[in-house]
Amino acid sequence: MDFDYKGYTILVVEDELLSLEYLVKILQERSFNVLFAHNGLEAYDQYINNKIDVILTDIRMPMKNGMEFVEQVRESNKIIPIIYMSAFAKVDVLLQTMKHHINGFLVKPVHIKEMFECINEALERYTQIRQNLQEIDSVVLMGGACVNLRNKTVYYENQEIFFSKKEYSLLELLIINRMSIMPKEIIEEYLWRGIAISPSSVKTLVNKLRDKIGKDAIITVKNIGYRINLK
């Protein structure tokens, strides 16, 4: 999908002044509304005070680094596109960023073509997720459970069902991604954010959900993961 960036706001977080000025200039030339910050503290202030569509952030910065900033954002917003930049493309750094559900990782110095490809992919997915959320305010699962995502309520056999935070988060994740099979590893990262857990934790959580909404509502795809089963 080709994007007309007019009307989109991007937040660029970079402590190197020349790199920041260069990125801001390039993005403004493509019609982005550009906000910027020099560290994670400034970035979070920009985030909470403005409507932002995509975040492009360095990792290593003074005062508050990029990962700490992104962790704050992800506490309240699981879907806003976030792209990391770093001169340190080490395996341990990449693994750390996975738990933040990022949409891309650019190695510095950033190549402009690669940056815009990454931004396009992120915005395309973001747009699709938002459309999905608008389209599926209410769904009926195989077995009869009715889920209202807007009100965060679930009714099964004419009774409201109550869930733990992780149970509902898993249910919501599966419904939003209803056209896909969700790998066990993605579920682990989404729900536990890198915390060490038992190998059976996801399976146990799925079984708890099935006990509440019906065993046919969630399909196990052997050796891959799980998929929601809509009526």
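Residues numbered from 1 in each chain as written. Predicted model: local features only at pLDDT ≥ 70, side-chain atom pairs only at ≥ 80, totals over all residues. Heavy atoms only, no water.

## Topic: the nonpolar core
With 29 residues, the main nonpolar core has Leu141, Val154, Leu171 and Ile213 as its most contacted residues. Mapped by element, the contributors of at least two residues to this core are strand 8 (153-156), helix 6 (165-176), helix 7 (184-192), helix 8 (201-213) and strand 12 (225-228). Contacts of Leu171, omitting those with residues within four sequence positions, involve Leu141, Val147, Val154, Phe163, Leu209, Ile213 and Ile228. Among the nonpolar cores identified, the runner-up in size contains 26 residues, and Tyr5, Leu106, Cys118 and Ala122 belong to it. (Core = buried A, V, L, I, M, F, W, Y, C linked by side-chain atoms within 4.5 Å. Buried < 20%, exposed > 50% of the residue type's maximum accessible area, 1.4 Å probe, protein only. Helix = DSSP H or I, 4+ residues; strand = E, 2+ residues; numbered from the N terminus. Contact = heavy atoms within 4.5 Å.)

## Side note on the pattern of salt bridges
It is possible for side chains of opposite charge to pair when their charged atoms get near one another. Scanning the model with the defined rule gives ten salt bridges in all. For the salt bridge of Glu117 with Lys113, the shortest nitrogen-to-oxygen distance reads 2.6 Å. Separated by four residues within a single helix, Glu117 and Lys113 lie in helix 5 (residues 112-135), roughly one turn from each other. Among the ionic contacts, a cluster of salt bridges with common partners joins Glu14, Glu16, Asp58 and Lys108. (Salt bridge = Lys/Arg side-chain N within 4 Å of Asp/Glu carboxyl O.)

## Overview of the packing of helix 2 (residues 40-49) against helix 3 (residues 66-76)
At a minimum axis separation of 9 Å, helix 2 and helix 3 run at an interaxial angle of 25°. One way to sum up the angle between helix 2 and helix 3 is to call them roughly parallel. Once helix 2 is placed against helix 3, the crossing between them reads as right-handed. Between helix 2 and helix 3, the contacting residues are Gly40, Ala43, Tyr44 and Tyr47 on the first element and Phe69, Gln72, Val73 and Ser76 on the second. Among the residues making up the contact of helix 2 with helix 3, the classes are represented as five nonpolar, three polar and no charged. (Axes fitted to C-alpha atoms, helices over the stretch in contact; angles between N-to-C directions. Parallel < 35°, antiparallel > 145°, perpendicular 65-115°, else oblique. Left-handed = near helix turned anticlockwise from the far one by under 90°. Nonpolar A, V, L, I, M, F, W, Y, C, P; charged D, E, K, R; others polar.)

## Details of the side chain of Ser86
Mapped onto the elements, Ser86 comes out in strand 4 (residues 82-86). With a relative accessible area of 2%, Ser86 lands in the buried category. In this structure Ser86 touches Asp58, Ile59, Phe105, Leu106, Val107 and Lys108, once residues within four positions along its chain are discounted.

## Observations regarding helix 3
Within helix 3, burial applies to Gly66, Met67, Phe69, Val70, Val73 and Arg74. Summarising the axial view, the buried residues of helix 3 lie within an arc of 155°, below the 170-degree limit, and thus occupy one face. Across from the buried face of helix 3, at angles greater than 90 degrees, the exposed residues are Glu75 and Ser76. Where helix 3 begins, the capping side chain belongs to Asn65, and its oxygen is found 3.0 Å from the backbone nitrogen of Met67. (Arc of directions from axis to C-beta. Polar contact = N/O pair within 3.5 Å; in protein donor to acceptor, adjacent residues only side chain to side chain.)

## A short note on the sheet that holds strand 6 (residues 138-140)
The strand order across the open sheet formed by four strands is 6-7-8-9, and the pairing between neighbours is antiparallel. Two strands bound the open sheet, and with one partner strand each, they are strand 6 and strand 9 (159-161). Pairwise comparison of adjacent strand axes, ignoring direction, gives a mean angle of 25° for this sheet. As paired elements, strand 6 and strand 7 (residues 146-148) share three bridges and run antiparallel to each other. Paired with Val140 across the two strands is Cys146, which belongs to strand 7. Here helix 6 sits on the sheet and contacts strand 6, strand 7 and strand 8; the angle it forms with strand 7, its principal contact strand, is near 90°. (Pairing = 2+ DSSP bridges.)

## Looking at helix 8
For helix 8, spanning 13 residues, the distance from its first C-alpha to its last is 19 Å, which sits close to the expected 18 Å at 1.5 Å a residue. By the burial criterion, the buried members of helix 8 are Ser201, Val202, Leu205, Val206, Leu209, Arg210 and Ile213. Considering only its buried residues, helix 8 is in contact with strand 8, helix 6, helix 7, strand 11 (218-221) and strand 12. Positive backbone phi, approximately 105°, marks Gly214, located one or two places after helix 8. (Expected span 1.5 Å × (residues − 1).)

## Looking at unusual backbone geometry
The peptide bond linking Lys108 to Pro109 adopts the cis configuration, its omega dihedral lying at 0°. Position of Pro109 among the secondary structure elements: in the loop between strand 5 (104-107) and helix 5. The phi dihedral of Lys152 falls on the positive side, at around 55°, and the residue is not glycine. Examined against the element boundaries, Lys152 turns out to sit in the loop between strand 7 and strand 8. Not every positive phi belongs to a glycine, and Glu157 is a case in point at roughly 55°. Locating Glu157 in the fold gives a position in the loop between strand 8 and strand 9.

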